[in-house]
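# Examination of the molecular architecture
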Amino acid sequence: VVPLELNTAQRRVYSEIQRLSREGKPVRLIIVKARQQGISTFSQSWLAHRAFTGKAQNCLTIAQSLDMAGELFGKVEMMYSMLPRWAKPDKNSKTRGKRLSLDEPNHSLLYVESAENRDAGRSGTYQHVHATEIPLWPDAKRTMEGLLQSVPYKAGTSIIIESTAK
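One numbering rule holds for all chains: residues counted from 1, following each sequence as written. Under the rules for a predicted model, residues below a pLDDT of 70 receive no local features and side-chain atom pairs below 80 are neither given nor counted, while totals for whole chains, interfaces and linings still include all residues. The basis for the side-chain values is all heavy atoms of the structure; hydrogens and waters are excluded.

### Details of the confidence of the model for the protein
Mean pLDDT over the protein works out to 89, with 97% of the residues at or above the 70 mark. On a range of 0 to 100, pLDDT expresses the predictor's confidence in each residue. Labels follow the DSSP assignment, with helices taken as runs of H or I lasting at least four residues and strands as runs of E lasting at least two, numbered in each case from the N terminus. For the protein, per-element mean pLDDT is lowest for strand S3 (residues 91-95), which scores 66, and highest for helix H1 (residues 8-22), which scores 96.

Following this line, the structure appears as structure tokens:
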């Protein structure tokens, strides 16, 4: 385990997030990526940072399968476990591999779903979403239609869609 030091690809994504945020715009990114560039890891760290440091930040990761979503969420769980005590918000509840709910003062939530559930993300309201490998989703059009409506189109929100080319 090493501290996250952004590589070139991750810095490009972060620069774009900063630019949109400075302009008062919501962050909406679609990234076609090469494998092993750390974009999924960066996206998970972005959601974790929003939840660990913000108030009432509902964050969703949605992947092609529950196994993949759980694998990505494992990165968030590791990031949480590595925080120093003084920086670690208390957990409200936790179901391993699916949900991390933070207590006062954050009241934030990190949650994962599988696109195998074609209505994933439809019933919630989220400030931040990481959607990965959409070409592998069973019904990407239907799932994205509901998912995109679950994030208000306003500054301070983000949707990061990333996938290898298919």
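### Topic: the side chain of Thr132
In this structure, Thr132 sits in strand S6 (residues 128-132). Classification of Thr132 as buried rests on a relative accessible area of 2%. By definition in these notes, contact holds between two residues if any of their heavy atoms fall within 4.5 Å. Residues in contact with Thr132, not counting those within four places in the same chain, are Ser40, Ile62, Ala63, Gln64, Leu72, Trp137 and Glu162. Only protein chains enter the calculation, and the probe is 1.4 Å; a residue is then buried if its accessible area is under 20% of its type maximum, exposed if over 50%, and partly exposed in between.

### Describing the side chain of Ser43
By the element assignment, Ser43 lies in helix H2 (residues 39-53). On the basis of relative accessible area, Ser43 is assigned to the buried category, the value being 0%. Setting aside anything within four residues of it in sequence, one finds Ser43 in contact with His130, Ile160 and Glu162.

### Notes on the pattern of salt bridges
One side-chain nitrogen of Lys or Arg within 4 Å of one carboxyl oxygen of Asp or Glu is enough to make a salt bridge. In total, this model carries six salt bridges according to the counting rule given. Linking Arg19 and Glu23 is a salt bridge whose minimum nitrogen-to-oxygen distance equals 3.0 Å. On the accessibility criterion, Arg19 (30% relative accessible area) is partly exposed. The exposure class of Glu23 is partly exposed, given its relative accessible area of 41%. Across the pair Lys141 and Glu145 runs a salt bridge whose closest N-O atoms are separated by 2.8 Å. Remark: Glu145 and Lys141 occur in helix H4 (residues 140-149); sequence separation between them is four residues, near one turn of the helix. Here the residues in one salt-bridge network are Glu16, Arg19, Glu23 and Lys25, joined through shared partners.

### Brief notes about the packing of H2 against helix H3 (residues 66-82)
The description of two helices packed together rests on the angle between their axes and the distance between the axes. The axes used here are C-alpha line fits, helices contributing only the stretch in contact, and every angle between their N-to-C directions lies in the interval 0 to 180 degrees. Across the interface, H2 lies against H3 with an axial gap of 9 Å and an inter-helix angle of 50 degrees. The angle between H2 and H3 places the two elements in the oblique class. In the packing of H2 onto H3, the handedness of the crossing is right-handed. Of the residues in H3, those touching H2 at Ser40, Thr41, Gln44, Ser45, Ala48 and Phe52 are Leu72, Phe73, Lys75, Val76, Met79 and Tyr80. For this classification, Asp, Glu, Lys and Arg are treated as charged, while Ala, Val, Leu, Ile, Met, Phe, Trp, Tyr, Cys and Pro are nonpolar and the rest, including Gly, are polar. For the contact of H2 with H3, the class distribution of residues is seven nonpolar, four polar and one charged. Roughly parallel means an angle under 35 degrees; roughly antiparallel, over 145; roughly perpendicular, 65 to 115; everything else is oblique. Crossing handedness: left-handed means the near helix sits turned counterclockwise from the far one by under a right angle, and right-handed means the same turn made clockwise.

### A word on H2
An expected span of 1.5 Å times one less than the residue number is assigned to each helix. With 15 residues, H2 should reach 21 Å at 1.5 Å per residue; the first-to-last C-alpha distance of 21 Å fits that figure. Here H2 lies mainly inside the structure; eleven of its 15 residues are buried. Looking only at H2, the buried set comprises Ile39, Ser40, Phe42, Ser43, Gln44, Ser45, Trp46, Leu47, Ala48, Ala51 and Phe52.

### Observations regarding the nonpolar core
Working definition of a nonpolar core: buried Ala, Val, Leu, Ile, Met, Phe, Trp, Tyr and Cys residues. They are joined through side-chain atoms within 4.5 Å. In this structure, Val13, Ile17, Leu29, Phe52, Val76, Leu100 and Leu110 are the most contacted members of the largest nonpolar core, which totals 26 residues. Among the elements that make up this core, the one with the highest residue count is H2 (seven residues). Judged by nonpolar contacts, the second largest core, of 16 residues, contains Ala120, Ala131, Ile134 and Trp137.

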